[in-house]
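Understanding the architecture of this molecule
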Amino acid sequence: MSDEKPKSHGRIAISQALRPRELMTDTPRLKGAWTARIITLFPEAFPGTLGLSLTGKALAEGKWALETIDLRPFGEGRHRNVDDTPAGGGAGMVLRPDVVARALDEASRGAPDDRARWPVLYLSPRGRPFDQAMARRFATAEGMTLLCGRFEGVDERVIEAYRIEEVSLGDFVLTGGEIAAQALLDATVRLLPGVLGNAASTEEESFSAGLLEYPQYTRPQVWQGREIPPVLMSGHHGEIAKWRRAEAERITRERRPDLWAAEEKRRR
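Below is a short write-up of the structure.

Among the six residues of strand β9 (residues 143-148), six are classified as buried, and the element is accordingly described as predominantly covered. Because side chains alternate across β9, one face comprises the buried residues Gly-143, Thr-145 and Leu-147, and the other comprises Met-144, Leu-146 and Cys-148, equally buried. Pairing of strand β4 (residues 34-40) with β9 involves five bridges; the strand directions are parallel. Paired with Ile-38 across the two strands is Leu-146, which belongs to β9. Strand direction decides the pairing type here: strand β8 (residues 120-129) and β9, joined by four bridges, are parallel. Residue pairing for β9: Leu-123 is matched across the bridge by Cys-148.

Structure follows, in structure tokens:
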């Protein structure tokens, strides 16, 4: 593992990623760019969809950075074992705290210890549900470390010792945290300055104002006998805004009564 500090060249900062050489890339990044460090048994899963479209373009331009840290080299013994049987018995295997701790220590190099500035997350079905407010919070940090679990999970002691925040995508179980990490990063990275290009687009979408987004339409004006609502073609911006607000409220009431209840409580 390298102890070499990132080298700065004007606005561009280049650092060695903490992973085996064959998985490294020499993508430059803007100095101070928001950085994601991912601890995983499958570094080849990244960047995945994060390398496509606007997030991929921003990654290539150095507006944010992605570093994968392979958990396997931190394993124990000749075979680099990273897991062991659950204490107390039971099915499956559990990631060892000493192994995960070594990877977390490597991931912490050069990162602030303040969890507000640099959150450390574990993708877990028992975590707090991920939402848009959380994505906005992560986007205001300097970066984050994400631990992708496997098997039956991670030894509780390392979660406690490293003050790791557990985050869940929903009430379901995946075979590992890699897909969840990509989804969380996509939601966060798109909020970074300069990634989407049009900041207004993030202000009108679902959850930004506590409501689901209003319906969207485009040409042709009539399709299979269905017309675009006339108000959207009127050019009357005030009436369009009123229609969109009413539709957002209607959809939220029908589909997410929990969000609507929170909205009504906020208005009181």
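Moving on to helix α8 (residues 257-267). Buried within α8 are the following residues: Leu-259, Trp-260 and Glu-263. Around the axis of α8, the buried residues are gathered within 100° of arc, so they sit on the same side. Within α8, the exposed residues directed more than 90 degrees away from the buried face are Pro-257 and Lys-265. Contact partners of the buried residues in α8: α7 (237-255).

Criteria and thresholds
Residues numbered from 1 in each chain as written. Predicted model: local features only at pLDDT ≥ 70, side-chain atom pairs only at ≥ 80, totals over all residues. Heavy atoms only, no water. Buried < 20%, exposed > 50% of the residue type's maximum accessible area, 1.4 Å probe, protein only. Helix = DSSP H or I, 4+ residues; strand = E, 2+ residues; numbered from the N terminus. Pairing = 2+ DSSP bridges. Arc of directions from axis to C-beta. Contact = heavy atoms within 4.5 Å.

In short, shape yes, function no, at least from these values alone.
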